[in-house]
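Secondary and tertiary structure notes
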Amino acid sequence: MSKKILALRFSAMGDVAMTAPVMKEVLEQNPDTEIIMVSRPFLKPFFDNIPRMTFVGADLNGKHKGFGGLTNLFKELKKLGPFTAVADLHSVLRTFIIDGLFQASGTKVYRIDKGRKGKKALTKPSKKKFEPLRSTPERYADVFRKIGLDVTLSNQLPPKGSPALKNAELELLGGKNQPWVGIAPFAQHKGKIWGETKAVALAKMLQEKLNVKVLFFGGPGKEAEILEECIKEVPNSVNLAGNIKLKEELDIIELLDLMVSMDSANMHMASLRGTECVSIWGATHHYAGFLGYGQSTDNIVEISEAELPCRPCSVFGNKPCLRNDYACLDSITPEMVYHKIANALNK
């Protein structure tokens, strides 16, 4: 009997990106299943070209804002049913409201277990329970397993395609006659930001020692302005922040030989397009379950818990530093990251 699943995940950008490879594998392993994915409209490119998946944009700042807006969203979604079940991959107040409306209409709802207790024990200031927790992709897969689907995650990067870039992007990037490395030095929270000064030092090192072309990634606004100054210090580098849309950004990431990212959305975007990522971790730790899908722990750059027992102090990097010096990030040198990149490129 065929199944139609309604899946909900509104934010954050990296968390939404992590749902895509999971649902792709769910659909590959369950050919009688269809998924309607509901998220913020601008995140649609994460789900392009997945067979038997339909994307629905939720305008949570406009017509779907507040309780009334969510009720309208429920009514719109209900017309796309009937659904076998709702897969709540977010478990926040907004999704609880939609869950409740579907439950009241007779549709079963299955929610993600975020493992909050384990994450709290991992990030305690002292006497941490320092052990790997269930990965976020497995937690997503567990929701579909509860619905009754067979899901075995490969945790492998997908094969790369050959993205066709528009003339504007090709002009922006120039020809590819040397390795391309992307550097995304920012993140949403301070405990995950390595910063532009070290990123520039790393970029210069990559150019001088490995003849690499560096592409800087970041968000529009302040990050774009900072990176515009960075490219003045790094000849032949490119600032993509604020210059391209998400779809084009993903296409360019697929053409990279390597991505360098914080524990942030760029790592997960690299995973979507089969690009290996050297990831830099400060206040957070991959034991919390947020390593990019298919990415290797060999490519993690971090200060060990033996050297810095306070780490990790946060699941998301949003808590103030216990030492007030962010040693977890400041102690990571451009040389440390360079060696990881050189090893990855040489493989």
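Heads up: these notes are all about the structure in this document. Bear in mind that the values here come from a model prediction, so they are computed numbers and not experimental data.

For the rest of this paragraph, the subject is the overall build of the chain. Tallying secondary structure elements over the chain gives 12 helices and 11 strands in all. A compact globule built from 347 residues should have a C-alpha radius of gyration of about 20 Å, and the chain, at 21 Å, falls within 12% of that. Considering the chain as a whole, with its 347 residues, one finds that 55% of them fall into the buried category. Within the chain, counting contacts between residues at least 6 apart in sequence, those at least 24 apart form 65% of the total. For the chain, the accessible area works out to roughly 15700 Å², and carbon and sulfur atoms hold 51% of it. Between the centroid of the 47 positive side chains of the chain and the centroid of its 38 negative side chains there is a distance of 8 Å.

This paragraph deals with the pattern of salt bridges. As enumerated under the stated definition, the model contains 19 salt bridges in all. Taken together, the salt bridges that share partners define one network made up of Arg134, Glu138, Asp142 and Arg145.

This part is about empty space enclosed by the protein. Following the criterion strictly, the structure yields one cavity of 30 Å³ or more and no others. One number sums up the size of the largest cavity: a volume of about 90 Å³. In terms of lining residues, the largest cavity is bounded by 13 residues, among which Cys310, Cys313, Cys321, Leu322 and Cys328 are the most central.

Turning our attention to the sheet that holds strand β8 (residues 238-239). The strands that make up a sheet are held in pairs by hydrogen bonds between backbone atoms, and each pair lies either parallel or antiparallel. Taken in spatial order, the six strands of this open sheet run β8-β7-β6-β9-β10-β11, and their pairing is parallel. Strand pairing shows two members of the sheet lacking a second neighbour, β8 and β11 (300-301), which therefore form its edges.

To continue, consider unusual backbone geometry. Here the bond from Gly81 into Pro82 is cis, since omega is 5°, no more than 30 degrees from zero. You can see Pro82 is positioned in the loop between α2 (66-78) and β4 (85-88). Following Arg311, the chain continues to Pro312 via a peptide bond in cis, the omega torsion being 0°. By the element assignment, Pro312 lies in the loop between β11 and α11 (327-330). Even without being glycine, Asn49 reaches a positive phi, approximately 65°. Inspection of the secondary structure puts Asn49 in the loop between β2 (33-39) and β3 (53-57). With a relative accessible area of 76%, Asn49 lands in the exposed category. Of note in the backbone geometry, Ser91 takes a positive phi value of approximately 55° without being a glycine. Position of Ser91 relative to the elements: it lies in the loop between β4 and α3 (93-104). When its relative accessible area of 7% is taken as the criterion, Ser91 is described as buried.

Definitions and cut-offs
- Residues numbered from 1 in each chain as written.
- Predicted model: local features only at pLDDT ≥ 70, side-chain atom pairs only at ≥ 80, totals over all residues.
- Heavy atoms only, no water.
- Helix = DSSP H or I, 4+ residues; strand = E, 2+ residues; numbered from the N terminus.
- Rg over C-alpha atoms; globule rule 2.2 N^0.38 Å.
- Buried < 20%, exposed > 50% of the residue type's maximum accessible area, 1.4 Å probe, protein only.
- Contact = heavy atoms within 4.5 Å.
- Areas by Shrake-Rupley, 256 points an atom, 1.4 Å probe, with all protein chains shown as cover.
- Lys, Arg positive; Asp, Glu negative; His and termini not counted.
- Charge placed at Lys NZ, Arg CZ, Asp CG, Glu CD.
- Salt bridge = Lys/Arg side-chain N within 4 Å of Asp/Glu carboxyl O.
- 1 Å grid on protein atoms, 1.4 Å probe; cavity = no way out; pocket = protein on both sides within 12 Å on 5 of 7 lines; lining within 4 Å.
- Points joined across faces, edges and corners; volume = space filled by probe spheres on them.
- Pairing = 2+ DSSP bridges.

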